[in-house]
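# Geometric and topological summary
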Amino acid sequence: MKISPQQQAAMLETAQERTRIDGLIARSACLPEKAELDRLRANLREESAGAARSRLNASDLGRDIDKLVSDIAKLKAREKADRLSLGAVEDKFERRELQRDMESTRRRRERAERKLEQTEKMRQAYELDAQQGTVAEAASEDIEQATQRLADAEKDIKARIAVAETKFESLRATLDPAAEKLYRKLEQNNGIPVARIDGRACGSCFMELDVGTLHDFDALAADEVSSCPECGAMLVRPATLAVAMKS
């Protein structure tokens, strides 16, 4: 099949612009600004959840502390009552029972006081975590800035895609009917329908061409269409491009 060197060069440029558009679209799906925004949001969710758990734990411990304070007050009152009773009771049996009760109450009070001290320390630690979580929530400003950076990046790449698509359509409009028909057929079967030979490799599938194939290509006229034996993409040879550039 024969297509003029100029039309082959136009097909190559059209395919290159299509590849550029595909690259921009792929890049738009994985912008670094989006990854950064996702990271900030994930950190905020994690830190906010941790702060919420700390506030809940601090609240639960607060109720435990209130109960311990109440229990300790009751135990102190019982100790005091036993002590007063000892001063008024003369019966040895009753005094022994009061002393036992007072000693038992004292031990229970001391255990409760130790537990109260530990619980208060735990509550303070949870409250500190909750306060740090509140500071983390201030990261919303960072998220707002990252959101704006992402919006700017998306706007920029969309504009670049629009420019590239306009150029692609303009280039495609320069193809004559035969070149357009071949291009449509090739793009249905190949990711890159038209490519140049890069050294000894196909610019579409990147497979290295054997020496015999390259010699066969060299023997072709500049307007002869050549194809990659591996992927079937149309290959525009250096000799063909040289002729196209002279015209």
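Whatever comes next refers back to the structure up there.
Heads up: these notes are all about the structure in this document. (Residues numbered from 1 in each chain as written. Predicted model: local features only at pLDDT ≥ 70, side-chain atom pairs only at ≥ 80, totals over all residues. Heavy atoms only, no water.)

The next point concerns the overall build of the protein chain. Each helix and strand in the protein chain was counted, giving seven helices and four strands. Traced from its N-terminal end to its C-terminal end, the protein chain shows the element sequence α-α-α-α-α-β-β-α-β-β-α. Here the C-alpha radius of gyration of the protein chain, 41 Å, is well above what a compact globule of 247 residues would show, namely 18 Å. Seen through its C-alpha atoms, the protein chain measures out along the principal axes to roughly 130 × 40 × 25 Å. When the 247 residues of the protein chain are sorted by exposure, 33% land in the buried category. A separation threshold of at least 6 residues defines the contact pool for the protein chain, and within that pool the share at least 24 residues apart is 71%. The protein chain carries 43 positive and 46 negative side-chain charges, and their two centres are separated by 7 Å. (Helix = DSSP H or I, 4+ residues; strand = E, 2+ residues; numbered from the N terminus. Rg over C-alpha atoms; globule rule 2.2 N^0.38 Å. Buried < 20%, exposed > 50% of the residue type's maximum accessible area, 1.4 Å probe, protein only. Contact = heavy atoms within 4.5 Å. Lys, Arg positive; Asp, Glu negative; His and termini not counted. Charge placed at Lys NZ, Arg CZ, Asp CG, Glu CD.)

What follows covers the sheet that holds strand 3 (residues 226-227). In space, the four strands of this open sheet follow the order 2-1-4-3, with mixed pairing throughout. Two strands in the sheet have a free side with no partner beyond their single neighbour: strand 2 (201-202) and strand 3. The pairing of strand 1 (residues 194-198) with strand 2 spans two bridges and is antiparallel. Within the sheet, the bridge partner assigned to D198 lies in strand 2 and is A201. Across the face of the sheet, helix 1 (residues 5-28) comes into contact with strand 1 and strand 4 (234-236) while running at roughly 100 degrees to strand 1. (Pairing = 2+ DSSP bridges. Axes fitted to C-alpha atoms, helices over the stretch in contact; angles between N-to-C directions.)

Closest axis-to-axis distance for the helix 1/helix 7 (residues 238-246) pair is 8 Å, and the angle between their directions is 105 degrees. With respect to helix 7, the axis of helix 1 lies roughly perpendicular. Counting all contacts with helix 1, which are made through P5, Q6, Q8, A9 and L12, the residues of helix 7 involved are T240, L241, V243 and A244. In terms of residue class, the contact of helix 1 with helix 7 is built from six nonpolar, three polar and no charged. (Parallel < 35°, antiparallel > 145°, perpendicular 65-115°, else oblique. Nonpolar A, V, L, I, M, F, W, Y, C, P; charged D, E, K, R; others polar.)

What follows deals with the environment of E103. Along the chain, E103 turns up in helix 3 (residues 92-137). When its relative accessible area of 32% is taken as the criterion, E103 is described as partly exposed. C-alpha separation for the pair E103 and E79, spaced 24 residues apart in sequence, amounts to 8.2 Å.

Moving on to the pattern of salt bridges. Summed over the entire model, instances satisfying the criterion amount to 21 salt bridges. In this structure, R200 and E208 form a salt bridge, with 3.8 Å as the shortest nitrogen-oxygen distance. The exposure class assigned to R200 is partly exposed, which follows from its relative accessible area of 37%. On the accessibility criterion, E208 (57% relative accessible area) is exposed. One salt-bridge network, held together by shared partners, links E103, R106, R107 and E110. (Salt bridge = Lys/Arg side-chain N within 4 Å of Asp/Glu carboxyl O.)

This paragraph deals with the packing of aromatic side chains. Two aromatic rings are characterised by how far apart their centres lie and by the angle between their planes. The final tally for this structure, using the stated rule, is zero aromatic pairs. For R18, the ring lying beneath its charged end belongs to F168, and the centroid distance is 5.3 Å. (Phe/Tyr/Trp six-rings, centres within 6.5 Å; stacked < 30°, edge-to-face > 60°. Lys NZ or Arg CZ within 6 Å of the ring centre and 35° of its normal.)

Moving on to unusual backbone geometry. Of note, F206 is a non-glycine position whose phi angle comes to about 70 degrees, a positive value. Relative to the helices and strands, F206 resides in the loop between strand 2 and helix 6 (211-218).

Sheet topology places strand 1 next to strand 4; three bridges connect them, and they run parallel. Opposite R196, over in strand 4, you have V236 as the bridge partner. Where strand 1 folds back on strand 2, the antiparallel hairpin that results is connected by two residues, among which G199 adopts a positive phi of roughly 70 degrees.

This paragraph deals with helix 6. Those residues of helix 6 that sit buried are T213, L214 and F217. Buried residues of helix 6, seen end-on, are gathered within an arc of 100 degrees and therefore sit on one face of the element. Looking at helix 6, the residues exposed on the side facing more than 90 degrees away from the buried face are H215, D216 and D218. Check the buried side of helix 6 and you find it contacts strand 1, strand 3 and strand 4. Between a side-chain oxygen at the N-terminus of helix 6 and the backbone nitrogen of G212 the separation is 3.1 Å; the capping residue is D210. (Arc of directions from axis to C-beta. Polar contact = N/O pair within 3.5 Å; in protein donor to acceptor, adjacent residues only side chain to side chain.)

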